[in-house]
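Residues per chain, in single letters:
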Amino acid sequence: MGSQNDAASLQSIRYHRGSLHLLDQRKLPLDTIYLEIRDAVEGWDAIREMVVRGAPAIAIAAALSLAVEVSKLEGFSGTPKDAASFLEKKLEYLVSSRPTAVNLSDAATKLTEIVMNSAETATEANQVFQAYIDAAEIMLEDDVASNKAIGSYGSSLIQNQKKDLKKLSVLTHCNTGSLATAGYGTALGVIRALHADGVLESAYCTETRPFNQGSRLTAFELVHDKIPATLIADSAAAALMKTGRVHAVIVGADRVAANGDTANKIGTYSLALSAKHHGVLFYVAAPLTSIDLSVGSGDEIVIEERSAKELLNTRGGLGEQVAASGISVWNPAFDVTPADLISGIITEKGVITKTGNDLFDIKGFVHKTMSSN
C-alpha cells in the first residue's frame, strides 16, 4: 500500500508496508530529499524538527512510523494485552512531539481503541500488531478522500457566495496542501478545486514567517500544479484586501474548539481581522479530526512556542543570524481566531455554518454526521 496521491502531485509521505519515507520540507523548494523513518523515535524527531508538518500529515506520519516499527519487530514475547500496552505507550510518546495539532492525539486515541479491542479477542501478540498496521494504513487512504471532499465542498460554497463573479481570487496562509496532508490538501485543496472548476483567477499566498511555509511550500505546490499564484509578504495582506482583489480567505486549522474558535499558524488571527474590516469572506477548511469537542473555546487550546532561533536567524532558524544578540524573543507557533471572525468551517462532510444566533453548532453537526454514517 502506498501514499494515495495522484501520480502528478507532490508527496510528503511515501509509504509501502514496512517502509516509510518523509519529504524533508526544511529543504524545499531547492532540494527534494526523502528521509527514511524506521521507528517511532525517528517519527517523533521528524515531526518535532518540522521534516513533516501540517496537522493531518503529522498524524499520518506518526501512525505510519509506528506501523513500520512493529512490522519489523522480532522476538516480542508478550501477550496480546502486552502488545496493546506497548503500542499505547508508543502512541502517547508520539503525541508529545507537537501537542497543539489535535489530529495527532485524535489518531492516537482511535488507534489505541482499535488495538485494545483487538487484544480482547487475539490469541497472539502479532495479531494485535497486524490490526494496528491495517488501521494506520486505512487512515492514510481516508485522509486523501476527505481532503478531496473538502475541496469540492469549499469550491461550491465560495462560488455560490460569489455568483456575480466569473473569476475568483483567494488568499491563503501557511501550507495546507499535499505537503501538509497525505495528499491534495485542505485549504489548498479548495484552491485546487476552484482551479479545476475553471473559476480561479489567482491564488495569493503569504510568506508565513518565521518558518516561511508559504513561500517555501505553498508557492512550490502552486507552481508545481501550474495554478496562477502570487506570493505576498505577511504584512501586505491588509493592503491587498483593500484593493478589492481578494474575494475570500481560506486557511487550515490545527485545532477547532467546540465554539468554532480555531488555532492555526501564527498570523491567521491578523488575516481574519483584516478580512472582517474589508468585508472579505473568511473560511477555515479542516477535516472533522481537527475538531476537538472537549475544548470549549480557544482559551483552552495549548499554544506551542518554538525556538527563538527561528526569528533570530534566516531560513526559519536554519541560516545565519540577522537579529541583535541578546534580544528577547516571543515565538508562538499558532494563534487563535475567534469564531465570530469566521464565515464557515469546511469539512469533508459539508460546511458548518452559523445558526440564527450567529453561533456555530459544531457539536450538533458532528453528532449528525456520525449518526448518518
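This text follows the structure it describes.
The structure presented is a predicted model; accordingly, all values stated were derived computationally and were not measured.

Asker: Help me understand the pattern of salt bridges, please; the structure alone is not making it clear to me.
Answerer: If the charged atoms of two oppositely charged side chains come close together, the side chains can form a pair. Applying the stated criterion across every chain yields a total of 13 salt bridges. A salt bridge links Glu42 to Arg38, with the nearest nitrogen and oxygen atoms 2.5 Å apart. Overall, the relative accessible area of 48% leaves Arg38 in the partly exposed class. A salt bridge links Glu310 to Arg306; its shortest N-O distance comes to 2.7 Å. Given the relative accessible area of 6%, Glu310 is considered buried. In this structure Arg306 comes out as buried when scored by relative accessible area, which is 17%. A cluster of three or more residues bridged by salt bridges with shared partners is formed by Arg48, Arg98, Glu304, Arg306 and Glu310.

Asker: Just checking my understanding: could you explain the environment of Trp330 for this structure?
Answerer: Among the structural elements, Trp330 can be located in the loop between helix H10 (309-312) and strand S12 (334-337). Of the residues examined, Trp330 reaches a relative accessible area of 61% and is grouped as exposed. Expressed as a C-alpha distance, the spacing of Trp330 and Arg306, which sit 24 residues apart in the sequence, is 8.5 Å. Excluding its chain neighbours within four sequence positions, the residues that come into contact with Trp330 are Glu305 and Leu311.

Asker: Is there a simple way to think about the nonpolar core in this case?
Answerer: Generally speaking, a soluble globular protein has its nonpolar side chains buried in company with each other. If you look at the biggest cluster of nonpolar residues, it comprises 45 residues, and the most contacted ones within it are Tyr15, Leu22 and Tyr132. Listing elements by their share of this core, those giving two or more residues are strand S1 (13-16), strand S2 (19-23), helix H1 (40-48), helix H2 (55-71), helix H3 (80-95), helix H4 (102-121) and helix H5 (125-161). A per-element tally of this core places H2 first, with twelve residues. Sequence-distant contacts of Leu22, defined by excluding residues within four places in its chain, comprise Ser12, Ile13, Ile33, Tyr34, Leu35, Ile37, Ala46, Val51, Val52 and Ala61. Counting 29 residues, the second largest nonpolar core, distinct from the first, contains Leu240, Val246, Val280 and Ile352.

Calculation criteria
Residues numbered from 1 in each chain as written. Predicted model: local features only at pLDDT ≥ 70, side-chain atom pairs only at ≥ 80, totals over all residues. Heavy atoms only, no water. Salt bridge = Lys/Arg side-chain N within 4 Å of Asp/Glu carboxyl O. Buried < 20%, exposed > 50% of the residue type's maximum accessible area, 1.4 Å probe, protein only. Helix = DSSP H or I, 4+ residues; strand = E, 2+ residues; numbered from the N terminus. Contact = heavy atoms within 4.5 Å. Core = buried A, V, L, I, M, F, W, Y, C linked by side-chain atoms within 4.5 Å.

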